[in-house]
Amino acid sequence: MREAMLLASVGDDVFAEDPTVNALQERVAALLGHEAALFVPSGTMANQIALQLHARAGEEVLVADGAHCLWYESGAASAIAGVQLVSIGREGAVTPSDIAAAMRPSVDWCPRTAAVVLENTHNRAGGRVIGVESVATAVRAAHDAGLTVHLDGARLFNAAVRLGAAPRDVVAGADTVCVCLSKGLGAPVGSVLAGSASRIRDARRLRKRMGGGMRQVGLLAAAGLYALDHHVQRLVEDHDAATDFAAVMARAPGVAVVPPDTNIVMVDLVDDVGRTAASVVERSRERGVLMSAFGPRRVRVVTHLDVSRSQVLEAAATLADVLRGPA
Ligand SMILES: *Cc1c(COP(=O)(O)O)cnc(C)c1O
């Protein structure tokens, strides 16, 4: 990947003249079954551009329960896009009746309901895969209600690999979709937002406005292209490693493990000694295993390409040992 970056040909991407960025955008648009795509510095920016494409300030956007744009974007939806987010559904799954129930009446004292944001895989639900039919049904219901749909596919390739489906089929008719190159795909930087040619033209302006217009950024796009060539199919290894990790933890004391769909394992502390996620994470860190606290009693573990299968098993043994130790 470093070599591909070093050898990348570059141009000024603010003028759309960086051949490597253009190649990446065309590649991702084709992969996702959309007309056009735009390279952006982060998934957060991709989501914030999408919100501005789908809704005007003061309008309301329905988001799948626990959505990244609600939890982890530092309030940008309100501070930058100026929209109001309403959480619907459960654990990432959104049904037509969830959408129908959340629609505001079209009177001038209610905000206009403008769009729906879905997420696949769903991060807070533990890397949960939302089935293609479920996403397609939600997209149809949204469209029937006059709403547009953004799919936050930061980990869309994990979902595709797990489902054995083509990425374009996982997109399931969403009007815009973004993917992260910097998560499981292992590139240092970058996300790509895809949609119709006219939406992506608007997205270019919004990206520039937010300070995301970059110059000779083919260096980073080359890493993204390399990741698409080499790091997609191997995601299955991360999923298998997560399954192994969960199997070890299922035998550990004082925890309940959410069986992983992909590369995220949620470990809930259910012991009666009052252990906290923060203390478990700290004890594990001291022993060289990095995890995060995802709630007072929930620990989140992510497997990825920089951690081998045997290191994952070692990490599981370490965590199990921490759980046997003092609270
Ligand atoms: C990581 C992530 C993003 C974007 O995060 P950045 O760190 O801004 O690139 C968006 N959505 C989901 C579901 C994510 O997990």
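Residues numbered from 1 in each chain as written. Predicted model: local features only at pLDDT ≥ 70, side-chain atom pairs only at ≥ 80, totals over all residues. Heavy atoms only, no water.

Turning our eyes to something else, we now look at helix α14 (residues 309-324). For α14, spanning 16 residues, the distance from its first C-alpha to its last is 23 Å, which sits close to the expected 22 Å at 1.5 Å a residue. Taken as a whole, α14 has its buried residues at V312, A315, A316, T318, L319, A320, V322 and L323. Residues of α14 that are buried in the fold lie against α12 (235-250), β8 (255-258), β9 (264-269) and α13 (277-286). (Helix = DSSP H or I, 4+ residues; strand = E, 2+ residues; numbered from the N terminus. Expected span 1.5 Å × (residues − 1). Buried < 20%, exposed > 50% of the residue type's maximum accessible area, 1.4 Å probe, protein only. Contact = heavy atoms within 4.5 Å.)

A separate point is the pattern of salt bridges. All told, the structure shown has 17 salt bridges when counted by the stated rule. D261 is the salt-bridge partner of R128, the closest N and O atoms lying 3.5 Å from each other. Highlighted residues: R128 in the loop between β4 (113-119) and α7 (132-144) and D261 in the loop between β8 and β9, separated in sequence by 133 residues. One continuous salt-bridge network, built from bridges that share partners, spans R56, E59 and R112. (Salt bridge = Lys/Arg side-chain N within 4 Å of Asp/Glu carboxyl O.)

Once that is clear, we can look at the packing of helix α8 (residues 156-163) against α12. Between α8 and α12, whose axes approach to 9 Å, the crossing angle comes to 80 degrees. Between α8 and α12, the angle is such that the two are roughly perpendicular. Together, F157, N158, V161 and R162 of α8 and L235, V236 and H239 of α12 make up the contact between the two elements. Residue composition of the contact of α8 with α12, by class: 4 nonpolar, 2 polar and 1 charged. (Axes fitted to C-alpha atoms, helices over the stretch in contact; angles between N-to-C directions. Parallel < 35°, antiparallel > 145°, perpendicular 65-115°, else oblique. Nonpolar A, V, L, I, M, F, W, Y, C, P; charged D, E, K, R; others polar.)

Splitting the chain by domain gives domain 1 (2-230) and domain 2 (235-324). Here the C-alpha centre of domain 2 lies 29 Å away from the C-alpha centre of domain 1. Between domain 1 and domain 2, the contact holds 16 residues from the first and 14 residues from the second. In total, domain 1 and domain 2 occlude about 1300 Å² of area from one another, counting both sides; carbon and sulfur atoms represent 52% of this. (Domains from an automatic or database assignment. Buried area = accessible area lost by both parts, 1.4 Å probe.)

Moving on, we get to the packing of aromatic side chains. What the rule picks out here adds up to 2 aromatic pairs. Ring geometry for W71 and Y72: centres 6.0 Å apart, planes at 40 degrees, overall tilted. Accessibility expressed as a relative area gives 30% for Y72, which makes it partly exposed. Here the aromatic cluster, defined as three or more aromatic residues joined through ring pairs, consists of W71, Y72 and F294. (Phe/Tyr/Trp six-rings, centres within 6.5 Å; stacked < 30°, edge-to-face > 60°.)

A few words on the site of the ligand. Neighbouring the ligand are the residues S42, G43, T44, N47, H68, E119, D152, A154, R155, C180 and K183. One of the backbone N or O atoms of G43 is found 2.8 Å from an oxygen atom in the ligand. Between the ligand and T44 there is a distance of 2.6 Å, counted from an oxygen atom to a side-chain nitrogen or oxygen. Protein chains shield 84% of the accessible area of the ligand, which is 380 Å² for the free molecule. Looking at the shell around the ligand element by element, the count peaks at 3 residues for helix α3 (residues 43-54). Classifying every residue of the shell around the ligand by side-chain character gives 2 nonpolar, 5 polar and 4 charged. (Near = heavy atom within 4 Å. Polar contact = N/O pair within 3.5 Å; in protein donor to acceptor, adjacent residues only side chain to side chain. Areas by Shrake-Rupley, 256 points an atom, 1.4 Å probe, with all protein chains shown as cover.)

Interaxial distance between helix α2 (residues 19-32) and helix α11 (residues 218-230) falls to 8 Å at its minimum, and their mutual angle equals 35 degrees. The chirality of how α2 crosses α11 is left-handed. Residues T20, V21, A23, L24, R27, V28 and L31 of α2 pack against G218, A221, A222, G224, L225, L228 and D229 of α11. Here the contact of α2 with α11 is built from residues that sort into 9 nonpolar, 3 polar and 2 charged. (Left-handed = near helix turned anticlockwise from the far one by under 90°.)

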